[in-house]
Amino acid sequence: MGAAMRRIHVGNALSAFGLGFTVPYLYVYVAQVRGLGSVTAGLVLAVFAVAALIVLPFAGRAIVRRGPLPVLLVALVTAALGAMSLGLSASAATVLLSAAALGAGQAVMQPALATMIVDCSTTETRSRAFAMQFFLQNLGLGVGGLIGGHLVDTSKASSFTVLFAIEAAMFLVLVAVMATVRAPRAPRIEAAPGQSGGGSWKQLLGNRAMVQLCVLGFVLFFACYGQFESGLSAYGVEAAGISTSALGTALAANTLMIVVAQFAVLKFVERRKRSRVIASVGLIWAVAWAVAGYAGLGHGSQTMATAAFISTYALFGLGEAMLSPTLAPLVADLAPDGLAGQYNSVFALVKQLALAIGPAVGGPLGASLHGPYIVAFLVFSLGISVLAVRLGRQLTDVQNQPSLARSRVVTQGGAPADAVAVAEA
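These numbers come from a predicted model, not from an experiment.

Conventions adopted
- Residues numbered from 1 in each chain as written.
- Predicted model: local features only at pLDDT ≥ 70, side-chain atom pairs only at ≥ 80, totals over all residues.
- Heavy atoms only, no water.
- Helix = DSSP H or I, 4+ residues; strand = E, 2+ residues; numbered from the N terminus.
- Contact = heavy atoms within 4.5 Å.
- Areas by Shrake-Rupley, 256 points an atom, 1.4 Å probe, with all protein chains shown as cover.
- Phe/Tyr/Trp six-rings, centres within 6.5 Å; stacked < 30°, edge-to-face > 60°.
- Buried < 20%, exposed > 50% of the residue type's maximum accessible area, 1.4 Å probe, protein only.
- 1 Å grid on protein atoms, 1.4 Å probe; cavity = no way out; pocket = protein on both sides within 12 Å on 5 of 7 lines; lining within 4 Å.
- Points joined across faces, edges and corners; volume = space filled by probe spheres on them.
- Nonpolar A, V, L, I, M, F, W, Y, C, P; charged D, E, K, R; others polar.
- Patch = residues over 30% accessible without salt bridge, like charges linked within 9 Å, V, L, I, M, F, W, Y side chains within 5 Å.
- Salt bridge = Lys/Arg side-chain N within 4 Å of Asp/Glu carboxyl O.
- Axes fitted to C-alpha atoms, helices over the stretch in contact; angles between N-to-C directions.
- Parallel < 35°, antiparallel > 145°, perpendicular 65-115°, else oblique.
- Core = buried A, V, L, I, M, F, W, Y, C linked by side-chain atoms within 4.5 Å.
- Left-handed = near helix turned anticlockwise from the far one by under 90°.
- pLDDT = per-residue confidence, 0-100.
- Polar contact = N/O pair within 3.5 Å; in protein donor to acceptor, adjacent residues only side chain to side chain.

### Here we look at the overall build of the protein chain
- Scanning the protein chain for helices and strands turns up 20 helices and zero strands.
- Long-range pairs, those at least 24 residues apart, make up 86% of the contacts in the protein chain between residues at least 6 apart in sequence.
- Accessible area of the protein chain: about 18,200 Å², with a carbon and sulfur share of 67%.

In structure tokens, the structure reads:
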């Protein structure tokens with residue numbers, strides 16, 4: 001791992017640590033501590049999604065034109081200002097504006113950092129680099145949330161101000177760290193005469209594999225991440241009688257599974273076709289939804305229901321650990337030279353759409369229509385497997401299984417192909 005990649009990973013960990021400090025407590029801070037009510041608190045969460053949807057289409061174009069580092073630095077400063085302002089805001093208007101700045105900055109960080117990882121890695125090392133990114137993000141979020149939970153006091157607004165100040169400081173520290181990165185010079189697409197941003201969008205939409213990957217990505221994020229803190233948690237409380245402490249344990253089990261399994265599954269994933277790995281995740285998540293069905297609809301004891309519900313989150317974590325070295329590198333491999341930033345931004349936009357729609361659909365279903373909720377998302381999970389198999393038909397052999405490129409290079413460099421064939425015979 002080169003010096004540039006080490007700094008990028010430190011940046012990922014710091015940004016996740018800062019977000020973990022505040023995100024779990026936003027609702028309580030706005031609704032109760034600032035006394036602005038549940039409606040304003042709900043709007044703050046919606047503003048995060050809306051801000052991301054607005055800025056991401058422009059972020060991709062900016063990354064392509066200017067490079068990921070300048071875009072990342074602007075996003076970090078914007079997020080720092082938003083976080084600090086949010087900690088000092090006392091009115092609904094300033095809270096919403098601050099949340100918009102924080103949400104926009106946070107959204108742009110993702111494709112900018114992903115593009116920097118692409119620029120500093122090769123096809124052979126990319127899966128491991130993105131696996132490390134995902135590992136550090138979850139570790140940072142978990143540690144940040146744990147420490148933040150011990151620092152806040154709902155009776156003192158000043159404790160939350162300190163929390164948001166620490167988050168802002170993390171972003172500014174990250175500015176200093178990332179400003180020292182010397183990434184390899186990647187191709188940049190300059191504006192050609194008569195060519196508008198619509199031309200690159202048309203090129204992207206003409207890439208059938210990328211379009212299918214975006215559809216698959218939407219279903220993945222909708223059926224998993226979009227349900228964690230809305231539909232699935234509502235289902236657990238209402239149908240399975242899960243306590244809030246058990247719900248916290250389930251979320252911890254998800255993070256623990258990712259941290260423990262990430263590098264254990266990496267070798268398994270690297271040697272197999274990406275489409276089959278994603279299809280396997282769909283099957284694992286189908287089992288997870290079936291276990292959740294037992295937790296809420298079965299007739300076992302409360303202890304068994306709680307254990308099943310915690311197992312559901314752990315199974316989701318196993319699937320996430322398999323996806324992290326698969327999805328992001330595949331997006332990068334599908335992007336033409338110089339357009340990785342735009343492809344990363346489009347995929348981040350698809351993720352944000354799924355995360356915005358998922359809770360709105362899953363929340364009411366999980367809280368009231370327990371049986372249909374489980375059946376619907378079990379079908380979605382099986383649909384992931386079907387879509388992954390179809391995607392595999394659009395990929396080249398090396399896009400689907402990068403290890404083939406490595407084996408071909410070894411064969412060509414070590415001995416003539418005919419000699420290798422004779423030796424194998």
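### Describing the packing of aromatic side chains
- Tallied over the entire structure, the rule returns 15 aromatic pairs.
- A ring pair is formed by Trp289 and Phe316, whose centres lie 5.6 Å apart and whose planes are at 80 degrees; its orientation type is edge-to-face. Of the two residues, Trp289 sits in helix H13 (residues 274-297) while Phe316 sits in helix H14 (residues 302-323), which places them 27 residues apart along the sequence. Pair check on accessibility: Trp289 and Phe316 agree, each one buried.
- Taken together, the aromatic side chains of Phe218, Phe222, Tyr235, Trp285, Trp289, Phe316, Tyr373, Phe377 and Phe380 make up a single cluster linked through ring pairs.

### With respect to the environment of Val346
- Within the secondary structure, Val346 sits in helix H16 (residues 340-368).
- On the basis of relative accessibility, which here comes to 8%, the residue Val346 falls in the buried class.
- Residues Val346 and Leu56, spaced 290 residues apart in sequence, show a C-alpha to C-alpha distance of 7.3 Å.
- Residues contacting Val346, with those up to four places away along its chain left out, are Trp201, Leu204 and Cys214.

### Here we look at the side chain of Asn400
- Relative to the helices and strands, Asn400 is located in helix H18 (residues 397-400).
- Asn400 has contacts with Arg272, Lys273, Arg274, Ser275, Gly392 and Leu395, leaving out every residue within four places of it along the chain.

### Things to note about empty space enclosed by the protein
- Summed over the entire model, instances satisfying the criterion amount to one cavity of 30 Å³ or more.
- Space inside the largest cavity adds up to approximately 90 Å³.
- Lining the largest cavity are eleven residues; nearest its centre among them are Ser127, Glu270, Arg274, Pro402 and Ser403.
- Listed by contribution, the elements that provide at least two residues to the lining of the largest cavity are helix H12 (244-270) and helix H19 (403-414).
- For the lining of the largest cavity, the per-class residue count stands at three nonpolar, three polar and five charged.

### Describing a nonpolar patch on the surface
- On the surface, Leu139, Val143, Leu146, Ile147 and Leu151 cluster together into a nonpolar patch covering about 400 Å² of accessible area.
- You can see Val143 is positioned in helix H6 (residues 126-151).

### Re the packing of H13 against H14
- Two elements in contact, H13 and H14, have axes whose closest approach is 8 Å; the angle formed by their N-to-C orientations is 170 degrees. Between H13 and H14, the interaxial angle falls into the category roughly antiparallel.

### Description of the nonpolar core
- Ranked by internal contacts, the top residues of the largest apolar core, which has 113 residues, are Met178, Met210, Leu213, Leu232, Trp285 and Phe309.
- No other element matches helix H5 (residues 92-119), which puts eleven residues into this core.
- Membership of the second largest hydrophobic core comes to five residues, among which are Leu56, Ala107, Ala348 and Leu349.

### Observations regarding the pattern of salt bridges
- For the structure on display, the rule yields two salt bridges.
- Across the pair Asp333 and Arg126 runs a salt bridge whose closest N-O atoms are separated by 2.8 Å. Of this pair, Asp333 sits in helix H15 (residues 327-334) while Arg126 sits in helix H6, and the two are 207 residues apart along the sequence.
- By relative accessible area, Asp333 is classed as buried at 18%.

### Considering the packing of helix H2 (residues 26-33) against helix H3 (residues 37-66)
- The contact between H2 and H3 brings their axes to 8 Å, and the two run at 145 degrees. Here H2 and H3 pass one another in a crossing that is right-handed. Facing H2, whose interface residues are Leu26, Tyr27, Val30 and Ala31, H3 presents Gly37, Ser38, Thr40, Ala41, Gly42, Val44, Leu45 and Phe48.
- Looking at the contact of H2 with H3 residue by residue, the classes come out as eight nonpolar, four polar and no charged.

### Thoughts on the confidence of the model for the protein chain
- For the protein chain, per-residue confidence averages 81 on the pLDDT scale, and residues scoring 70 or more make up 90% of the total.
- Below a pLDDT of 50 lies the segment residues 187-196, which in the model reaches 16 contacts outside its immediate sequence neighbourhood of four places, other chains included.
- Below a pLDDT of 50 lies the segment residues 409-425, which in the model reaches two contacts outside its immediate sequence neighbourhood of four places, other chains included.

### Thoughts on the environment of Leu172
- Structurally, Leu172 can be placed in helix H7 (residues 157-178).
- With 93 residues separating them in the primary sequence, Leu172 and Ala79 have C-alpha atoms 9.2 Å apart.

### Some remarks on the side chain of Ser127
- Mapping Ser127 onto the fold places it in helix H6.
- Overall, Ser127 belongs to the buried group, its relative accessible area being 9%.
- Within the local environment of Ser127, its side chain forms a polar contact with the backbone oxygen of Pro325, the two atoms lying 3.0 Å apart.
- If we skip the residues at most four places from it in the chain, Ser127 touches Leu266, Glu270, Arg274, Pro325 and Pro329.

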